[in-house]
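Fold and contact review
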Amino acid sequence: MKRLFILFAWLTPMAITAGEKPLDASFLRQYAETRGFLLGRPVNPKPSPDGKTVLFLRSEAKNPKRSLYEFDCSTGKTKELLTADALLKGAEEKLTPEEKARRERMRVSAGGFADYHLDETGRFILLPLSGKLFVCNRSANSSKELKIPAGTIIDAKWSPDGKWVSYVRETDVYVYELATDKETAVTTGGTPVKTNGLAEFVAQEEMGRFSGYWWSPDSKQIAFEEVDHTGVETWYVADPTKPDQKPLAQYYPRPGKKNVAVRLGIVPITGGKPTFVTWDTKTFEYLCAVKWDKSGPLTIQIQDRKQQEIQLHLVDPGTGTCRKLLEEKDTAFTNIRQDMPRWVRGRQEFLWVSEYGKGPGLELRRADGSLTDIAIPYDIGFQSLVHVDPDRSEVVYLGSLDSTQMHAQSRFFQAPLLQRRPDTDKSIRLGEGEGIESVVFSENKDVFVLTRTSPGEMPRSFVHTRDKRIGELPGVGENPPVVPVTKFEQVGKEPLFNTNIVLPQNFDSKKKYPVIVDVYGGPHHLHVVRAMRNWLLPQWLADQGFIVVAIENRGTPGHGRDWERSIYQRFGQVPIEDQVAGLKLLAEKYPAMDLDRVGITGWSFGGYMSALAVLKRPDVYKAAVAGAPVTDWEDYDTHYTERYMGLLPESKKEYEASSLLPLAGKLERPLLLVHGTADDNVYFRHTLRLTDALFRAGRDFEVLPLPGLTHMVPDPVVTERLWTRVAGHFQKHLGKPIDFTPAK
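All of these numbers come straight from a predicted model, not from anything done at the bench.

Looking at the overall build of the protein chain
Tallying secondary structure elements over the protein chain gives 12 helices and 45 strands in all. For the protein chain, whose C-alpha radius of gyration is 26 Å, the value lies close to the compact-globule estimate of 27 Å for 744 residues. The buried share of the protein chain, reckoned over its 744 residues, is 58%. Contacts in the protein chain between residues at least 24 apart in sequence constitute 61% of all its contacts with a sequence separation of at least 6. Put simply, the protein chain shows about 30700 Å² of open surface, and 51% of that area lies on carbon and sulfur atoms. Considering the protein chain, the positive charge centre built from 98 side chains and the negative charge centre built from 97 side chains are found 2 Å apart.

Some remarks on the side chain of Ser159
Note that Ser159 resides in the loop between β10 (153-158) and β11 (164-169). Side chain to side chain, Ser159 and Asp161 meet in a polar contact 2.6 Å long. Contact partners of Ser159, with chain neighbours within four places excluded, come to Trp164, Trp215 and Ser219.

Looking at the sheet that holds strand β36 (residues 469-472)
Working definition: the strands of a sheet are paired by backbone hydrogen bonds and lie parallel or antiparallel to each other. Taken in spatial order, the four strands line up as β33-β34-β35-β36 in an open sheet, and their pairing is antiparallel. Sheet topology places β33 (436-441) and β36 at the edges, where each strand pairs with a single neighbour. If you compare each strand with its neighbour and ignore which way they point, the axes differ by 25° on average. As paired elements, β33 and strand β34 (residues 447-454) share six bridges and run antiparallel to each other. Counted as the bridge partner of Val439 is Leu450 from β34.

Quick word on the packing of aromatic side chains
Within this structure, the stated rule accounts for 29 aromatic pairs. Summarising the aromatic geometry, the rings of Phe333 and Tyr644 are spaced 4.9 Å apart at their centres and angled 85° between planes, so their arrangement reads as edge-to-face. With Phe333 in the loop between β24 (322-329) and β25 (342-344) and Tyr644 in helix α9 (residues 638-645), this residue pair connects regions lying 311 residues apart in the sequence. Its relative accessible area of 0% is what places Phe333 among the buried residues. Taking the relative accessible area as the measure of exposure, Tyr644 reaches 0% and is therefore buried. It is Lys46 that lies over the ring of Tyr116; its NZ or CZ is 4.3 Å from the centre. The positively charged end of Arg530 is found above the aromatic ring belonging to Phe488, 4.5 Å away from the centroid.

Rules used in this analysis
- Residues numbered from 1 in each chain as written.
- Predicted model: local features only at pLDDT ≥ 70, side-chain atom pairs only at ≥ 80, totals over all residues.
- Heavy atoms only, no water.
- Helix = DSSP H or I, 4+ residues; strand = E, 2+ residues; numbered from the N terminus.
- Rg over C-alpha atoms; globule rule 2.2 N^0.38 Å.
- Buried < 20%, exposed > 50% of the residue type's maximum accessible area, 1.4 Å probe, protein only.
- Contact = heavy atoms within 4.5 Å.
- Areas by Shrake-Rupley, 256 points an atom, 1.4 Å probe, with all protein chains shown as cover.
- Lys, Arg positive; Asp, Glu negative; His and termini not counted.
- Charge placed at Lys NZ, Arg CZ, Asp CG, Glu CD.
- Polar contact = N/O pair within 3.5 Å; in protein donor to acceptor, adjacent residues only side chain to side chain.
- Pairing = 2+ DSSP bridges.
- Axes fitted to C-alpha atoms, helices over the stretch in contact; angles between N-to-C directions.
- Phe/Tyr/Trp six-rings, centres within 6.5 Å; stacked < 30°, edge-to-face > 60°.
- Lys NZ or Arg CZ within 6 Å of the ring centre and 35° of its normal.

Right, dumping it as structure tokens:
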């Protein structure tokens, strides 16, 4: 793919002064070819229900096509089970536009097997691949393709009893009986405007919900989401390099405009007239989460348009009537938990995550919704629940009091909880050392896989029993040639900022270095974390003659309710104020940071922050590279934007105060804008509108469109060229390290 440069004011080639060497891009090439050194590492591990094996996906070190592997827990040996080439018999993998969009929402760029699904026995594996469905019999070591009529197939699942496979074909839900190879339509009448069984755009992109239908525990019924897009704006993504191809259409709801209308229907798998669930859809527009599994009854979480209230309802599948179990309210916004509720003790109680305290906590509630006790206190750094063992009265969760880390921890609760003794009521680490962890358990709860990464190590996955570690899922990935030179620091008092500073490998304390701020700054994402993969590119950037820093501002998770909500309606104020404050505090500890030469770069919300920095605080930031920036929040989707900015027109002033467009005339620092032309998350429109405003204001700037690329940038050549360009931009405008004498 060719690189395309568009100049709206000026753009000169990155000149190399006589005697200077061009940037060494060998690391970038290796980084790009290995997708950040993540290719070749085990992903998506799933212990079999009996705990005897662990399945996982893995690619080669420089080939993103994933195959399926099996780890034997008794012998510690691993074997390859299936490859995409074997199932396709050498044919090329093809993805429909719908599947590409779904993978974009899930941030999956790999080929081959994107996912796989074990049935309840663990004997059979369901594998979606290239628009087809395959079932693998592990016992017989055989595979077959399901005889499904032509059409786009999305979201394949097993029935709980393992006799059926379900999926959405085009715009309706179907089931496929394995014994007879017969397909049956569960829903009918779906159209591109009114779909059945498909999660809408904002559910996938913002709520973390990728499915639009759910099996009943007895495998006799399916609950499905009906999404009516009537009246919702249609936006189009076109590829300017291919004017002969039609643009792709997408329903894209924007703040102040119409959302989709959603209903939840319940229908037998043999088809028929659905029973629709009744709730106040006028007040509660959003169907956030649906739970219907063997551990509990059918429940739904619904949310109002302002997102200041979430209600949990118990649903009667026979009548469609709802009974409210509880509600969460917040004067700013409420957060959605897809894994809630978790029923225990024969459906007599359930676990629920609440944020009423200093931070998220895990509550135990009776079947009527009333509070019994607190299973995990609000003040110990709980973030998410990953496993429940009712027999052991045990919960396993991820969390840490230090938001730069995430640890898998076990905690026991008894009934009644009020009788617990404080000296025994403690969490137990499942892993050890610093870093970020995740964990997944087998159905029999005796085997788990713990994946961890640290500042000095890429992700590794270890298989454990309750008694000991029994092995490691083997990888073939390349290791980075360098370990990032990172220093995690806390600066300030109220607020207290987590920061990280990345020094050049050849750091000279007698020199003063230009500074590059590596920024994200937006809600629902932690940027400053103790994970090696996060600091590989910043290390390469630092080695080009900079000190690279990252600062966690208010509005990010992991610091409690007030910290997170402080960003409400203040996108254009709080994050940039905190970034400036944190930068100055960090420089007090590291005098080698030259605050007269500070640049800033980021992607998505980080792109917004980078552009905002040079537009609003040119006294601090002297150059910026802004990737895929949101430039006007009225052009982003409803569920994300209205959660943090409020509704229109009542919050019009807050939207204007956070927009980049009114600031265009104030640009006086070098700004490079980078954006994929096929981005269907932050549309290319955002960069075009800002460039138009800058151009009309007579400002100088640069624009680098990435033809045909989306919000992700998986192309290795583009990755290498892009970061070379970023480094050159900052070298040109910030200069080199200079000699100085540190104060004693």
